[in-house]
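# A closer look at the structure
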Amino acid sequence: MNHTTRRNWVLGAAASGMALALPGAALAQASTPAGKSPLVGPLAPNPAEFKKAVEQFSAGKTVAAEGLQLDVPVLADNPSAVPVKVKVTLPITEQDWCEEIIVLAELNPSPLACKLQFTALTGTAEAAVRIRLSQSQTIHALARMKSGKLLAAKQAVTVAASGCGM
């Protein structure tokens, strides 16, 4: 006579669930680089949104690789507050000044990290902000001058693992 106790039933169900989950876990590990787990759900990168933000800002114009300075640490120890400094190095005049700067985090779910607007009376176009990063990635900065000239800079940053499960 076989008496199934609640404890035996629970242990059997747990073992069955574990057996079903193991092949999926092994497959997921095999498809990702060593030590990296794929970001899914709300933390997944959004390349379409990144591309859209760049296209909207540039409006099809050619972007110059000089004239914009981007300062981001190569290794950021706190992914929740990565310091970013951006500065237009071109001369600011009454005829030509920086109207707007945007900072984009390429692999964030929402790539637009910040948007800064300036006037001719500002006298300079520079700012320091802290942004949140979901993973190691490249930070992009784009600036639009009053003359229509577009400036760009980018820099890769490696973020340390966070203990809060961002």
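Described in the following lines is the structure provided in the data block. (Residues numbered from 1 in each chain as written. Predicted model: local features only at pLDDT ≥ 70, side-chain atom pairs only at ≥ 80, totals over all residues. Heavy atoms only, no water.)

Okay, the environment of L90 next. Along the chain, the position of L90 falls in the loop between β4 (82-88) and β5 (98-105). With relative accessibility at 25%, the residue L90 sits in the partly exposed group. L90 sits 61 residues away from L151 along the chain, and the two C-alpha atoms are 9.7 Å apart. Dropping the residues within four chain positions of it, L90 is found in contact with G67, K149 and L151. (Helix = DSSP H or I, 4+ residues; strand = E, 2+ residues; numbered from the N terminus. Buried < 20%, exposed > 50% of the residue type's maximum accessible area, 1.4 Å probe, protein only. Contact = heavy atoms within 4.5 Å.)

Our focus in this paragraph is the packing of aromatic side chains. Inspection of the entire model under this criterion finds 0 aromatic pairs. Geometry around F57 places R144 over its ring, the cationic atom sitting 4.2 Å from the centre. (Phe/Tyr/Trp six-rings, centres within 6.5 Å; stacked < 30°, edge-to-face > 60°. Lys NZ or Arg CZ within 6 Å of the ring centre and 35° of its normal.)

Let's shift gears to the pairing of β5. For β5, a buried count of 7 out of 8 residues is recorded, marking the element as mostly surrounded by other parts of the structure. Alignment of β5 against strand β8 (residues 137-145), held across 7 bridges, turns out to be antiparallel. Residue pairing for β8: I102 is matched across the bridge by L142. Where β5 meets strand β6 (residues 112-117), 5 bridges bridge the pair, whose relative direction is antiparallel. Looking across to β6, one finds that I102 is bridged to K115. Turn length for the β5-β6 hairpin, with the two strands adjacent in sequence and antiparallel, is 6 residues. (Pairing = 2+ DSSP bridges.)

Attention now moves to the pattern of salt bridges. Applying the stated criterion to the full structure yields 3 salt bridges. A salt bridge links K115 to E100; its shortest N-O distance comes to 3.6 Å. With K115 in strand β6 and E100 in strand β5, this residue pair connects regions lying 15 residues apart in the sequence. Ionic pairing is found between E100 and R144, a salt bridge with its closest N-O pair at 2.8 Å. Of this pair, E100 sits in strand β5 while R144 sits in strand β8, and the two are 44 residues apart along the sequence. Beyond isolated ion pairs, a larger network of salt bridges with shared partners links E100, K115 and R144. (Salt bridge = Lys/Arg side-chain N within 4 Å of Asp/Glu carboxyl O.)

What follows is about helix α2 (residues 47-58). If you check α2, its first and last C-alpha atoms are 17 Å apart, about what 12 residues at 1.5 Å a residue would give, namely 16 Å. Turning to α2, its buried residues are F50, A53, F57 and S58. The buried residues of α2 occupy one face: seen down the axis, they fall within an arc of 115°. Every exposed residue of α2 that faces more than 90 degrees away from the buried side is listed here: A48, K51 and Q56. Tucked inside the fold, the buried residues of α2 contact β1 (63-64), β5, β8 and β9 (150-159). Phi turns positive one or two residues past the end of α2, at A59, with a value near 50°. (Expected span 1.5 Å × (residues − 1). Arc of directions from axis to C-beta.)

Next up on the list: the environment of L70. When you line up the elements, L70 lands in strand β2 (residues 68-71). Excluding residues that lie within four positions of it along the chain, L70 makes contacts with V84, K85, V86, I139, A141, A153, K154 and Q155.

To continue, consider the side chain of S58. When you line up the elements, S58 lands in helix α2. Not counting residues up to four positions away in its chain, the partners in contact with S58 are V63 and L150.

Moving on, we get to the side chain of Q137. Note that Q137 resides in strand β8. Only 2.5 Å separates the side chain of Q137 from the backbone nitrogen of L107, close enough to count as a polar contact. Of note is the side chain of Q137, whose polar atom sits 2.9 Å from the side chain of N108. Dropping the residues within four chain positions of it, Q137 is found in contact with A105, E106, L107, N108, Q155, A156 and V157. (Polar contact = N/O pair within 3.5 Å; in protein donor to acceptor, adjacent residues only side chain to side chain.)

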